[in-house]
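# Descriptive structure summary
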Amino acid sequence: MTEQSQGDTLVNPVDTTVTVSRSVSKPVKEVWKLLVTREGAEALLGAGGELGDKGDSWHAADGTYGVVRSYHPLEQIRFSWHAAEEAPKTIVEIDLAASGDGTTVEIRHEHIPTYFDAGAITRKWERALEKLAAAAD
């Protein structure tokens, strides 16, 4: 691991990754269908958030925003996520996988700067999955 000297302080350039997952009692097709609706996208991104096709931008009422980077129906959506205008770009990947009669939804948030509160981000995505699961039922 490489560290850079910045004045008298050492800066660790290694970013953090947060991964959360949840089982939803609906098949992949139904979870995907929900995910790409306004209700499903808002469950994940917050009020105003809406996921479109690759290259489409999104903005949520809380100031977070990004661009859809990858869109694979029934499998995965990957998008950039900025906490605010001046915040660095991070990447969020949502993967769906069949699990028995239901679906496992996994959110992987990468490139989170070490100065961000990873615990708060973990809780944010856990709440998002709870909302998504509740909307699916």
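Residues numbered from 1 in each chain as written. Predicted model: local features only at pLDDT ≥ 70, side-chain atom pairs only at ≥ 80, totals over all residues. Heavy atoms only, no water.

## Looking at the overall build of the protein chain
Keep this limit in mind: Under the scheme used here, helices are H or I runs from DSSP no shorter than 4 residues and strands are E runs no shorter than 2 residues, and both carry numbers assigned from the N terminus. Categorising residues by exposure relies on relative accessible area from a 1.4 Å probe, with only protein chains included: less than 20% of the type maximum marks a residue as buried, more than 50% marks it as exposed, and the intermediate range marks it as partly exposed. Working rule for contacts: check all heavy atoms of both residues, and any pair within 4.5 Å makes them a contact. To measure how exposed things are, a 1.4 Å probe is used in the Shrake-Rupley method; for residues, cover is taken only from the protein chains shown.
The number of helices and strands found in the protein chain is 3 helices and 8 strands. Listed by position from the N terminus, the elements making up the protein chain come as β-β-β-α-α-β-β-β-β-β-α. When burial is assessed residue by residue, the protein chain has 39% of its 137 residues classed as buried. Residue pairs at least 24 apart in sequence account for 43% of intrachain contacts in the protein chain once pairs closer than 6 positions are excluded. Of the accessible surface of the protein chain, which amounts to about 7500 Å², a share of 47% is contributed by carbon and sulfur atoms.

## With respect to the packing of helix 2 (residues 38-45) against helix 3 (residues 118-136)
Each pair of packed helices can be summarised by the angle the axes make with each other and by the distance between the axes. The line we're drawing: Note on geometry: axes are C-alpha line fits, over the in-contact stretch for helices, and angles between N-to-C directions span 0 to 180 degrees. Our angle categories are set so that under 35 degrees counts as roughly parallel, over 145 as roughly antiparallel, 65 to 115 as roughly perpendicular, and the remainder as oblique. Left-handed describes a crossing whose near helix is turned anticlockwise from the far helix through less than a right angle; right-handed describes the clockwise counterpart. Just so you know the grouping, Ala, Val, Leu, Ile, Met, Phe, Trp, Tyr, Cys and Pro go in nonpolar, Asp, Glu, Lys and Arg go in charged, and all remaining residues, Gly too, go in polar.
Where helix 2 meets helix 3, the axes come as close as 7 Å, and the angle between the chain directions of the two elements is 155 degrees. When the axis of helix 2 is compared with that of helix 3, the two are roughly antiparallel. The handedness of the crossing between helix 2 and helix 3 comes out as right-handed. Of the residues in helix 3, those in contact with Glu-39, Gly-40, Ala-43, Leu-44 and Leu-45 of helix 2 are Lys-124, Trp-125, Ala-128, Lys-131, Leu-132 and Ala-135. Counted by class, the contact of helix 2 with helix 3 contains 7 nonpolar, 1 polar and 3 charged residues.

## Considering the sheet that holds strand 6 (residues 76-81)
Operational definition: A pair of strands is considered paired only if DSSP assigns at least 2 bridges between the two.
Here we have 6 strands laid out as an open sheet, ordered 3-8-7-6-5-4, and antiparallel in their pairing. This sheet does not close on itself; its edge strands, each paired only once, are strand 3 (16-24) and strand 4 (57-59). Strand-to-strand twist across the sheet, computed as the mean angle between neighbouring axes with direction ignored, equals 25 degrees. Two elements, strand 4 and strand 5 (residues 65-72), share 3 bridges in a ladder whose sense is antiparallel. Looking at strand 5, one finds that Ser-57 is bridged to Val-67. Against the sheet, helix 3 engages strand 3, strand 6, strand 7 (90-99) and strand 8 (102-112), with an angle of about 20 degrees to strand 3.

## A closer look at the pattern of salt bridges
Quick note on the threshold: Salt bridge, as applied in this entry: a Lys or Arg side-chain nitrogen positioned within 4 Å of an Asp or Glu carboxyl oxygen.
What the rule picks out here adds up to 5 salt bridges. For Arg-38, the salt bridge is made with Glu-42, and the minimal N-O distance between the two is 3.5 Å. On the criterion of helical spacing, the pair formed by Arg-38 and Glu-42 is a turn pair, its members being 4 residues apart in helix 2. Note on Glu-42: relative accessible area 26%, which makes it partly exposed. Taken together, the shared-partner salt bridges connect Arg-78, Glu-93, Arg-108 and Glu-110 into one network.

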